[in-house]
Amino acid sequence: MRRLLHTRPAPLAEAGRRPGRLPGRWLAALLVTGVLALLVPGVSFATASQSRPATASMASTASVASTADAAVGCRGVTPAIFPAAGFITNPSRSQAGHLWWRPSTGGICIGTVIEWVQYNTTATKTWRVIVYSAQHPSGQVVAQRTFTLGPGWYWWSFGVHQVFSGLSAVCITADDSFGAPCLHFGPSSG
């Protein structure tokens with residue numbers, strides 16, 4: 001005699017549920033929350049590496065030359081590398097940072113400036129981008145930010161986006177005690 005397996009249909013309430021899976025409502029709520037977290041300004045994400053300053057431990061200072069971020073039409077296209085100097089260096093010690101520049105009507109456009117800094121102990125330092133030009137032969141701070149960071153290497157992106165007439169050099173520093181590597185621009189640069 002052969003036995004037949006008897007199956008019965010599951011009740012309608014149990015048919016939609018699967019063990020180990022979230023109901024559709026919860027998945028939709030998680031998806032909406034994730035998308036909003038990506039779109040809302042001011043939301044930042046922490047990573048395990050120390051390649052960029054942590055937002056929880058930094059104190060921002062007012063940017064000198066507040067028009068720097070307003071003139072976003074000026075974007076550099078040619079990369080240039082700052083030489084490593086002292087603690088202004090990346091982990092491989094191959095550069096202190098870099099920027100993008102291009103010749104522009106009325107001078108040289110400086111776009112984004114990236115600065116790397118090594119901290120051996122927890123310290124507070126003000127990182128600066130300084131421009132030397134015909135109008136400011138002694139230097140003009142065009143971007144700055146103050147950080148309190150622990151040991152490690154960090155980088156920051158400064159959106160300068162300005163055209164400078166008679167530009168002779170762009171320097172980066174994290175307080176003068178850390179050094180100040182420069183890129184020099186001459187008549188042949190633009």
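Please refer to the structure placed before this passage.
**Q** Explain the pattern of salt bridges to me, please; I cannot follow it from the model alone.
**A** Here the idea is simple: oppositely charged side chains can pair when their charged atoms come close. What the rule picks out here adds up to one salt bridge. For D175, the salt bridge goes to R128, with nearest N and O atoms at 3.6 Å. Taken together, the residues D175 in the loop between β8 (169-174) and β9 (182-184) and R128 in strand β5 (residues 123-132) connect sequence positions 47 residues apart. Taking relative accessible area as the criterion, R128 reaches 23% and is therefore assigned partly exposed.

**Q** Hey, could you run me through the packing of aromatic side chains in this one?
**A** To describe a pair of aromatic rings, one takes the distance between the centres and the angle between the planes. Within the structure shown, the criterion is met by four aromatic pairs. When the centroid spacing of 5.4 Å and the interplanar angle of 80° are considered together, the rings of W101 and F185 count as edge-to-face. Placement of the pair is W101 in strand β3 (residues 97-104) and F185 in the segment after β9, with a sequence separation of 84 residues. The residues W101 and F185 share a single accessibility class, namely buried. Centre to centre, the rings of Y119 and Y154 are 5.7 Å apart; their planes meet at 90°, and the pair counts as edge-to-face. With a gap of 35 residues between them, Y119 in strand β4 (residues 107-119) and Y154 in strand β7 (residues 152-164) connect regions that are remote in the sequence. For Y119, a relative accessible area of 1% gives the class buried. Residue classification places Y154 among the buried positions, given a relative accessible area of 5%. By way of ring pairs, the aromatic residues W127, F147 and W156 are connected into one cluster.

What counts and how
- Residues numbered from 1 in each chain as written.
- Predicted model: local features only at pLDDT ≥ 70, side-chain atom pairs only at ≥ 80, totals over all residues.
- Heavy atoms only, no water.
- Salt bridge = Lys/Arg side-chain N within 4 Å of Asp/Glu carboxyl O.
- Helix = DSSP H or I, 4+ residues; strand = E, 2+ residues; numbered from the N terminus.
- Buried < 20%, exposed > 50% of the residue type's maximum accessible area, 1.4 Å probe, protein only.
- Phe/Tyr/Trp six-rings, centres within 6.5 Å; stacked < 30°, edge-to-face > 60°.

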